[in-house]
Amino acid sequence: MVGWGKVAVWACRGIVVVVLAGTLLLQTFMLPSLFADVPDEEAALGHLRWPMLAITILMVACVQVALVCVWRLLTMVRRDTVFSRAAFRWVDVIVVAAVAECLLFLVVGVLLAPGEAVPPGVVLMLGVVGAGFLGIGLLVLILRTLLAKAVALDTTATTLRAELDEVI
(Lines give C-alpha, C1' and ligand atoms only; values in the text may rest on other atoms or scores of the structure.)
Protein backbone atom coordinates (compact mmCIF):
# COMPACT_ATOMS: atom_id res chain seq x y z
CA MET A 1 0.00 0.00 0.00
CA VAL A 2 1.33 3.38 -0.96
CA GLY A 3 0.41 7.02 -0.72
CA TRP A 4 -2.88 8.15 0.73
CA GLY A 5 -4.02 4.61 1.51
CA LYS A 6 -1.28 4.24 4.08
CA VAL A 7 -2.10 7.65 5.58
CA ALA A 8 -5.80 6.77 5.71
CA VAL A 9 -5.12 3.50 7.54
CA TRP A 10 -2.93 5.25 10.12
CA ALA A 11 -5.50 8.04 10.54
CA CYS A 12 -8.26 5.48 11.07
CA ARG A 13 -6.11 3.63 13.57
CA GLY A 14 -5.49 6.87 15.45
CA ILE A 15 -9.22 7.54 15.60
CA VAL A 16 -9.88 3.99 16.80
CA VAL A 17 -7.30 4.38 19.57
CA VAL A 18 -8.74 7.71 20.75
CA VAL A 19 -12.34 6.49 20.68
CA LEU A 20 -11.44 3.19 22.37
CA ALA A 21 -9.56 5.02 25.12
CA GLY A 22 -12.53 7.35 25.56
CA THR A 23 -14.97 4.47 25.83
CA LEU A 24 -12.77 2.72 28.38
CA LEU A 25 -12.71 5.87 30.52
CA LEU A 26 -16.45 6.25 30.11
CA GLN A 27 -17.10 2.64 31.01
CA THR A 28 -14.71 2.49 33.94
CA PHE A 29 -15.08 5.84 35.65
CA MET A 30 -17.74 8.15 34.29
CA LEU A 31 -20.76 5.85 34.00
CA PRO A 32 -20.50 4.30 37.48
CA SER A 33 -20.08 7.71 39.11
CA LEU A 34 -22.88 9.19 37.01
CA PHE A 35 -25.32 6.47 38.00
CA ALA A 36 -24.17 6.56 41.65
CA ASP A 37 -25.05 10.27 41.78
CA VAL A 38 -28.68 9.76 40.75
CA PRO A 39 -30.76 11.12 43.63
CA ASP A 40 -32.62 8.51 45.65
CA GLU A 41 -35.63 10.81 45.69
CA GLU A 42 -36.32 10.04 42.05
CA ALA A 43 -38.68 7.19 42.97
CA ALA A 44 -40.06 6.71 39.48
CA LEU A 45 -36.67 5.72 38.05
CA GLY A 46 -34.74 4.75 41.18
CA HIS A 47 -35.35 1.05 40.68
CA LEU A 48 -33.76 1.26 37.22
CA ARG A 49 -30.46 2.77 38.34
CA TRP A 50 -28.35 -0.40 38.36
CA PRO A 51 -30.04 -2.20 35.45
CA MET A 52 -29.54 0.96 33.37
CA LEU A 53 -25.87 1.08 34.39
CA ALA A 54 -25.41 -2.53 33.28
CA ILE A 55 -27.18 -1.90 29.97
CA THR A 56 -25.18 1.27 29.35
CA ILE A 57 -21.91 -0.55 30.01
CA LEU A 58 -23.02 -3.25 27.55
CA MET A 59 -23.80 -0.54 24.99
CA VAL A 60 -20.29 0.84 25.31
CA ALA A 61 -18.91 -2.71 25.09
CA CYS A 62 -20.69 -3.20 21.74
CA VAL A 63 -18.93 -0.10 20.41
CA GLN A 64 -15.61 -1.38 21.75
CA VAL A 65 -16.07 -4.76 20.08
CA ALA A 66 -16.79 -3.05 16.76
CA LEU A 67 -13.71 -0.85 17.18
CA VAL A 68 -11.49 -3.88 17.80
CA CYS A 69 -12.90 -5.49 14.66
CA VAL A 70 -12.22 -2.33 12.66
CA TRP A 71 -8.65 -2.38 13.99
CA ARG A 72 -8.25 -5.98 12.81
CA LEU A 73 -9.67 -5.11 9.39
CA LEU A 74 -7.31 -2.13 9.13
CA THR A 75 -4.44 -4.49 9.92
CA MET A 76 -5.60 -6.74 7.08
CA VAL A 77 -5.76 -3.72 4.75
CA ARG A 78 -2.21 -2.75 5.70
CA ARG A 79 -0.99 -6.31 5.05
CA ASP A 80 -3.02 -6.47 1.81
CA THR A 81 -4.95 -9.52 3.05
CA VAL A 82 -8.38 -7.94 3.47
CA PHE A 83 -9.74 -9.76 0.41
CA SER A 84 -9.66 -13.13 2.12
CA ARG A 85 -12.09 -15.36 3.97
CA ALA A 86 -10.55 -14.30 7.30
CA ALA A 87 -12.06 -10.81 6.93
CA PHE A 88 -15.59 -12.20 7.10
CA ARG A 89 -15.22 -13.09 10.77
CA TRP A 90 -14.48 -9.48 11.72
CA VAL A 91 -17.21 -8.07 9.49
CA ASP A 92 -19.74 -10.52 10.94
CA VAL A 93 -18.84 -9.49 14.49
CA ILE A 94 -19.37 -5.82 13.55
CA VAL A 95 -22.85 -6.69 12.25
CA VAL A 96 -23.70 -8.60 15.44
CA ALA A 97 -22.40 -5.72 17.60
CA ALA A 98 -24.55 -3.21 15.67
CA VAL A 99 -27.67 -5.36 16.02
CA ALA A 100 -26.95 -5.90 19.72
CA GLU A 101 -26.55 -2.13 20.16
CA CYS A 102 -29.90 -1.60 18.44
CA LEU A 103 -31.60 -4.10 20.74
CA LEU A 104 -30.04 -2.53 23.83
CA PHE A 105 -31.34 0.91 22.82
CA LEU A 106 -34.79 -0.59 22.33
CA VAL A 107 -34.60 -2.26 25.77
CA VAL A 108 -33.72 1.09 27.35
CA GLY A 109 -36.67 2.66 25.56
CA VAL A 110 -39.01 -0.06 26.80
CA LEU A 111 -37.72 0.32 30.37
CA LEU A 112 -38.13 4.10 30.33
CA ALA A 113 -41.46 4.28 28.46
CA PRO A 114 -43.91 3.41 31.26
CA GLY A 115 -44.95 6.28 33.49
CA GLU A 116 -44.36 9.96 33.12
CA ALA A 117 -40.83 10.24 34.51
CA VAL A 118 -39.28 10.29 31.03
CA PRO A 119 -40.76 12.42 28.25
CA PRO A 120 -42.04 10.48 25.22
CA GLY A 121 -39.63 12.39 22.98
CA VAL A 122 -36.68 10.86 24.81
CA VAL A 123 -38.10 7.36 24.33
CA LEU A 124 -38.68 8.14 20.65
CA MET A 125 -35.12 9.41 20.35
CA LEU A 126 -33.83 6.14 21.84
CA GLY A 127 -35.83 4.23 19.24
CA VAL A 128 -34.42 6.38 16.44
CA VAL A 129 -30.85 5.87 17.66
CA GLY A 130 -31.52 2.12 17.90
CA ALA A 131 -32.85 2.15 14.35
CA GLY A 132 -29.69 4.01 13.32
CA PHE A 133 -27.53 1.23 14.72
CA LEU A 134 -29.68 -1.31 12.90
CA GLY A 135 -29.09 0.70 9.72
CA ILE A 136 -25.34 0.60 10.35
CA GLY A 137 -25.55 -3.18 10.78
CA LEU A 138 -27.48 -3.53 7.52
CA LEU A 139 -25.01 -1.29 5.70
CA VAL A 140 -22.08 -3.38 6.93
CA LEU A 141 -23.99 -6.50 5.87
CA ILE A 142 -24.34 -5.07 2.35
CA LEU A 143 -20.64 -4.22 2.33
CA ARG A 144 -20.01 -7.83 3.38
CA THR A 145 -21.67 -9.04 0.18
CA LEU A 146 -19.38 -6.72 -1.78
CA LEU A 147 -16.42 -8.19 0.09
CA ALA A 148 -17.63 -11.69 -0.79
CA LYS A 149 -17.74 -10.75 -4.48
CA ALA A 150 -14.27 -9.20 -4.27
CA VAL A 151 -12.89 -12.33 -2.59
CA ALA A 152 -14.47 -14.50 -5.28
CA LEU A 153 -12.97 -12.32 -8.02
CA ASP A 154 -9.58 -12.36 -6.32
CA THR A 155 -9.72 -16.16 -6.09
CA THR A 156 -10.68 -16.42 -9.75
CA ALA A 157 -7.90 -14.04 -10.77
CA THR A 158 -5.37 -16.05 -8.77
CA THR A 159 -6.53 -19.28 -10.43
CA LEU A 160 -6.38 -17.74 -13.91
CA ARG A 161 -2.92 -16.30 -13.18
CA ALA A 162 -1.69 -19.76 -12.12
CA GLU A 163 -3.12 -21.34 -15.28
CA LEU A 164 -1.51 -18.65 -17.41
CA ASP A 165 1.85 -19.25 -15.71
CA GLU A 166 1.55 -22.97 -16.54
CA VAL A 167 0.89 -22.19 -20.21
CA ILE A 168 3.82 -19.80 -20.43
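First, a word on what this report is: a plain description of the structure on this page. (Residues numbered from 1 in each chain as written. Predicted model: local features only at pLDDT ≥ 70, side-chain atom pairs only at ≥ 80, totals over all residues. Heavy atoms only, no water.)

1. Regarding helix α1 (residues 4–36)
Here is step 1 of the chain: In this model, α1 (33 residues) spans 46 Å end to end at C-alpha, consistent with the 48 Å of a helix rising 1.5 Å per residue.
Here is step 2 of the chain: The sharpest bend along α1 reaches about 40° and sits at Leu-26.
Here is step 3 of the chain: Buried residues belonging to α1 abut α3 (49–78). (Helix = DSSP H or I, 4+ residues; strand = E, 2+ residues; numbered from the N terminus. Expected span 1.5 Å × (residues − 1). Bend = angle between axes of the 7 residues up to and from the residue. Contact = heavy atoms within 4.5 Å.)

2. Concerning the environment of Thr-145
Here is step 1 of the chain: One can find Thr-145 in helix α5 (residues 120–167).
Here is step 2 of the chain: Judged by its relative accessible area of 43%, Thr-145 is partly exposed.
Here is step 3 of the chain: For the pair Thr-145 and Val-65, spaced 80 residues apart in the sequence, the C-alpha separation amounts to 21 Å. (Buried < 20%, exposed > 50% of the residue type's maximum accessible area, 1.4 Å probe, protein only.)

3. Observations concerning the packing of aromatic side chains
Here is step 1 of the chain: For the structure on display, the rule yields one aromatic pair.
Here is step 2 of the chain: The interplanar angle of 20° and the centroid separation of 5.6 Å between the aromatic rings of Phe-105 and Phe-133 together place this pair among those described as stacked. Taken as a pair, Phe-105 in helix α4 (residues 86–112) and Phe-133 in helix α5 lie far apart in primary sequence, 28 residues in all.
Here is step 3 of the chain: On the accessibility criterion, Phe-133 (22% relative accessible area) is partly exposed.
Here is step 4 of the chain: Stacked on the ring of Trp-10, the Lys or Arg Arg-13 has its end atom at 5.5 Å from the ring centre. (Phe/Tyr/Trp six-rings, centres within 6.5 Å; stacked < 30°, edge-to-face > 60°. Lys NZ or Arg CZ within 6 Å of the ring centre and 35° of its normal.)

4. Brief notes about a nonpolar patch on the surface
Here is step 1 of the chain: Together, Val-99, Leu-103, Leu-106, Leu-134, Leu-138 and Leu-141 give the surface a local cluster of nonpolar side chains, amounting to about 470 Å² of exposed area.
Here is step 2 of the chain: Of all the elements in the fold, those that place two or more residues in the nonpolar patch are α4 and α5.
Here is step 3 of the chain: Its place among the elements puts Leu-106 in helix α4.
Here is step 4 of the chain: When its relative accessible area of 38% is taken as the criterion, Leu-106 is described as partly exposed. (Patch = residues over 30% accessible without salt bridge, like charges linked within 9 Å, V, L, I, M, F, W, Y side chains within 5 Å. Areas by Shrake-Rupley, 256 points an atom, 1.4 Å probe, with all protein chains shown as cover. Salt bridge = Lys/Arg side-chain N within 4 Å of Asp/Glu carboxyl O.)

5. Some remarks on the environment of Leu-48
Here is step 1 of the chain: Structurally, Leu-48 can be placed in the loop between α2 (43–46) and α3.
Here is step 2 of the chain: Spatially, the C-alpha atoms of Leu-48 and Gln-64 are 24 Å apart, while their sequence positions differ by 16 residues.
Here is step 3 of the chain: Residues contacting Leu-48, with those up to four places away along its chain left out, are Leu-111 and Leu-112.

6. Observations regarding the nonpolar core
Here is step 1 of the chain: In this structure, Met-52, Met-59, Val-108 and Leu-112 are the most contacted members of the largest nonpolar core, which totals 16 residues.
Here is step 2 of the chain: Mapped onto this core, the elements with two or more residues apiece are α1, α3, α4 and α5.
Here is step 3 of the chain: Counting residues per element, this core draws most heavily on α3, at six residues.
Here is step 4 of the chain: For Met-59, the residues in contact, after removing those within four places along its chain, are Glu-101, Leu-104, Phe-105 and Val-108.
Here is step 5 of the chain: Among the nonpolar cores identified, the runner-up in size contains 13 residues, and Leu-73, Val-82, Val-95 and Val-151 belong to it. (Core = buried A, V, L, I, M, F, W, Y, C linked by side-chain atoms within 4.5 Å.)

7. Some points on the pattern of salt bridges
Side-chain pairs of opposite charge can arise where the charged atoms are in close proximity.
Here is step 1 of the chain: Taken as a whole and assessed by the stated rule, the structure comprises one salt bridge.
Here is step 2 of the chain: Two residues, Arg-144 and Asp-92, come together in a salt bridge whose shortest N-O distance is 2.5 Å. Here the residue Arg-144 occupies a position in helix α5, and Asp-92 occupies one in helix α4, the gap between them amounting to 52 residues.
Here is step 3 of the chain: Judged by relative accessible area, Arg-144 falls into the partly exposed class, the value being 24%.

8. Re the packing of α4 against α5
When two helices pack together, their arrangement is captured by the angle between the axes and the distance separating the axes.
Here is step 1 of the chain: The N-to-C vectors of α4 and α5 enclose an angle of 165°; their axes lie 8 Å apart at closest approach. One element, α4, and the other, α5, form an angle in the roughly antiparallel class. Where α4 crosses over α5, the handedness of that crossing is left-handed.
Here is step 2 of the chain: Considered class by class, the residues forming the contact of α4 with α5 number 22 nonpolar, four polar and three charged. (Axes fitted to C-alpha atoms, helices over the stretch in contact; angles between N-to-C directions. Parallel < 35°, antiparallel > 145°, perpendicular 65-115°, else oblique. Left-handed = near helix turned anticlockwise from the far one by under 90°. Nonpolar A, V, L, I, M, F, W, Y, C, P; charged D, E, K, R; others polar.)

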